[in-house]
Amino acid sequence: MELLLENLCKEFGGNTAVAGVTAVLEPGIYGLLGANGAGKTTLLRMICGVLKPTAGQVRLDGIPIDALGAVYRDKLGYLPQDFVGYPQYSARDFLLYMAVLKGMTRSQAMPKIQELLHMVRLQEAGNKKIRTFSGGMRRRLGIAQALLNDPDILILDEPTAGLDPKERVHFRNILEGYAQQKIVLLSTHIVSDLEAIAHKVFLMKDGCFQTQGTVSELLQQANGRVWELTVPSRESETWQARMTVANLRYDGNSVTLRILADAKPAPAARPCIPTLEDLYLLYFPEEEGGDNP
Ligand SMILES: Nc1ncnc2c1ncn2[C@@H]1O[C@H](COP(=O)(O)OP(=O)(O)O)[C@@H](O)[C@H]1O
Ligand SMILES: [Mg+2]
């Protein structure tokens with residue numbers, strides 16, 4: 001199975017949201033990492049066929065998805081960024097409704113729904129109305145509905161938004177179990193979601209992939225550009241004004257700064273092993289790492 005993104009472009013009015021994205025996706029977990037406004041949602045909507053590209057196309061095993069139509073949709077699971085469900089439905093009824101829309105019979109759907117509610121840890125809340133759900137529970141329900149038809153291609157737009165740290169870990173475990181022989185593409189602006197699970201990361205900015213590679217390939221790019229320096233606390237602000245500082249650790253009257261710089265920032269600076277968050281900050285110095293948990 002091969003999903004080809006061929007020069008995908010999308011303009012809204014005169015604004016370019018996605019500016020020519022080309023990539024080949026084979027089974028595995030792919031992370032789409034970028035700040036708000038980078039074009040992630042627009043790209044994912046084009047891949048799902050809910051938004052028509054201004055130029056370019058998506059092909060599955062060589063065939064344009066437009067030509068595949070329902071055959072493509074049957075293989076696809078999609079969690080939209082703005083998924084809300086139906087507030088007045090229970091989680092179970094909502095999943096049943098979605099299953100019927102996807103062409104499943106009730107007897108096919110019931111055991112699947114049971115399995116999915118269990119998988120996303122909503123088995124006890126299954127009969128509760130969605131309007132009583134927390135943000136994290138709603139997100140987990142959204143993940144469950146995307147998995148109803150055992151999709152070969154799973155597209156998740158900010159699946160971990162609103163999940164607490166424990167739910168995040170659980171989500172990563174679900175994906176790792178699921179992703180064998182499937183294409184999973186998830187967007188996030190939270191670096192730690194990807195570090196452990198993504199086989200390949202696309203770093204998106206201004207509608208383009210700025211760089212892509214395995215986590216270790218991307219980390220190579222940050223090699224020699226991450227430093228630790230301990231200075232008196234009172235110098236902290238001066239350093240932050242001059243340099244990109246990824247992290248601060250106060251200890252009494254001194255502070256240890258994690259500095260991103262192409263050259264050694266001071267004679268006493270020590271080289272560090274880079275993380276994906278360091279690389280993200282090298283590409284998006286103005287972002288301060290988003291809202292990493
Ligand atoms: N339906 C739309 N109409 C007009 N502009 C849009 C629409 N959807 C997205 N955009 C614009 O496209 C850009 C990329 O947005 P989006 O794809 O939502 O990025 P991300 O998901 O990375 O935050 C933004 O500037 C956004 O305002
Ligand atoms: Mg988005």
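Residues numbered from 1 in each chain as written. Chains lettered and ligands numbered in written order. Predicted model: local features only at pLDDT ≥ 70, side-chain atom pairs only at ≥ 80, totals over all residues. Heavy atoms only, no water.

In the annotation of an unreviewed UniProt entry, the protein chain is listed under the name ATP-binding cassette domain-containing protein and assigned to Gemmiger gallinarum.

1. Things to note about the domain arrangement of the protein chain
The domain boundaries assigned to the protein chain delineate domain 1 (3-214) and domain 2 (224-273). Put simply, the middle of domain 1 and the middle of domain 2, counted by C-alpha atoms, are 38 Å apart. (Domains from an automatic or database assignment.)

2. Here's the deal with the side chain of Gln-145
When you line up the elements, Gln-145 lands in helix H6 (residues 135-146). Of note is the side chain of Gln-145, whose polar atom sits 3.1 Å from the backbone oxygen of Tyr-78. Every residue in contact with Gln-145, bar those within four places of it in the chain, is listed here: Tyr-78, Leu-79, Pro-80, Phe-83, Phe-94, Leu-95, Met-98 and Lys-102. (Helix = DSSP H or I, 4+ residues; strand = E, 2+ residues; numbered from the N terminus. Polar contact = N/O pair within 3.5 Å; in protein donor to acceptor, adjacent residues only side chain to side chain. Contact = heavy atoms within 4.5 Å.)

3. Considering the coordination of the magnesium ion (ligand 2)
Thr-41 (OG1) and Gln-81 (OE1) make up the full set of protein donors to the magnesium ion (ligand 2), lying at 2.0 to 2.1 Å. In this pair, Thr-41 is assigned in helix H1 (residues 40-47) and Gln-81 in the loop between strand E6 (76-79) and helix H4 (91-101), connecting sequence segments 40 residues apart. The class for Gln-81 is partly exposed, based on a relative accessible area of 39%. (Donors = N, O, S within 2.8 Å, 3.2 Å for Na, K, Ca; no water. Buried < 20%, exposed > 50% of the residue type's maximum accessible area, 1.4 Å probe, protein only.)

4. A word on the pairing of strand E13 (residues 254-260)
Burial within E13 is extensive, with six of its seven residues counted as buried. Across seven bridges, the pairing between strand E11 (residues 226-232) and E13 is antiparallel. Looking across to E13, one finds that Val-226 is bridged to Leu-260. With seven bridges joining them, strand E12 (residues 244-251) and E13 adopt antiparallel strand pairing. From the neighbouring strand, Asn-247 faces E13, where its bridge partner is Arg-258. Between the antiparallel neighbours E12 and E13 lie two residues, among them Gly-252 with a positive phi of about 60°. (Pairing = 2+ DSSP bridges.)

5. Quick look at the packing of H4 against helix H5 (residues 106-119)
Between H4 and H5, the least distance of the axes is 10 Å, while the angle of their chain directions is 135°. Classified by the angle their axes make, H4 and H5 are oblique. When the axes of H4 and H5 are compared, the crossing they make is right-handed. Residues Ala-91, Arg-92, Leu-95, Leu-96 and Ala-99 of H4 form the contact with H5, whose own contacting residues are Arg-106, Ala-109, Met-110, Ile-113, Gln-114 and Leu-117. Looking at the contact of H4 with H5, its residues break down into eight nonpolar, one polar and two charged. (Axes fitted to C-alpha atoms, helices over the stretch in contact; angles between N-to-C directions. Parallel < 35°, antiparallel > 145°, perpendicular 65-115°, else oblique. Left-handed = near helix turned anticlockwise from the far one by under 90°. Nonpolar A, V, L, I, M, F, W, Y, C, P; charged D, E, K, R; others polar.)

6. Remarks on the site of ligand 1
The environment of ligand 1 is formed by Phe-12, Ala-17, Ala-35, Asn-36, Gly-37, Ala-38, Gly-39, Lys-40, Thr-41, Thr-42 and Gln-81. One of the side-chain nitrogen or oxygen atoms of Lys-40 is found 2.8 Å away from an oxygen atom of ligand 1. Here an oxygen atom of ligand 1 and a side-chain polar atom of Thr-42 are 2.6 Å apart. Expressed as a share of its isolated accessible area of 570 Å², the protein-covered part of ligand 1 is 57%. Among the elements that take part in the shell around ligand 1, H1 stands out by supplying three residues, more than any other. In terms of residue class, the shell around ligand 1 is built from four nonpolar, six polar and one charged. (Near = heavy atom within 4 Å. Areas by Shrake-Rupley, 256 points an atom, 1.4 Å probe, with all protein chains shown as cover.)

7. Focus: the nonpolar core
The biggest cluster of nonpolar side chains holds 56 residues, and the ones touching the most others in it are Leu-141, Leu-175 and Leu-276. Looking at which element gives the most residues to this core, the answer is H4, with six residues. Each of two domains, domain 1 (3-214) and domain 2 (224-273), supplies a minimum of three residues to this core. Not counting residues within four places of it along the chain, the set of residues in contact with Leu-141 comprises Phe-83, Ala-91, Phe-94, Leu-95, Leu-122, Ile-130 and Phe-133. (Core = buried A, V, L, I, M, F, W, Y, C linked by side-chain atoms within 4.5 Å.)

8. Details of the environment of Thr-54
By the element assignment, Thr-54 lies in the loop between H1 and strand E4 (55-60). Taking relative accessible area as the criterion, Thr-54 reaches 46% and is therefore assigned partly exposed. The spatial distance from the C-alpha of Thr-54 to the C-alpha of Cys-9 is 5.5 Å, given a sequence separation of 45 residues. Contact partners of Thr-54, with chain neighbours within four places excluded, come to Cys-9, Lys-10 and Glu-11. Looking at Thr-54, its side chain comes within polar contact range of the main-chain nitrogen of Glu-11, at 2.8 Å.

9. Side note on the UniProt feature "domain: ABC transporter" (unreviewed entry) in the protein chain
Here, the residues flagged by UniProt with the feature "domain: ABC transporter" (unreviewed entry) are residues 3-231. For the annotated span residues 3-231, helix accounts for 35% and strand for 30% of the residues, and the straight-line distance between the end C-alpha atoms is 50 Å. (UniProt positions renumbered as here; feature names shortened; annotations may be inferred.)

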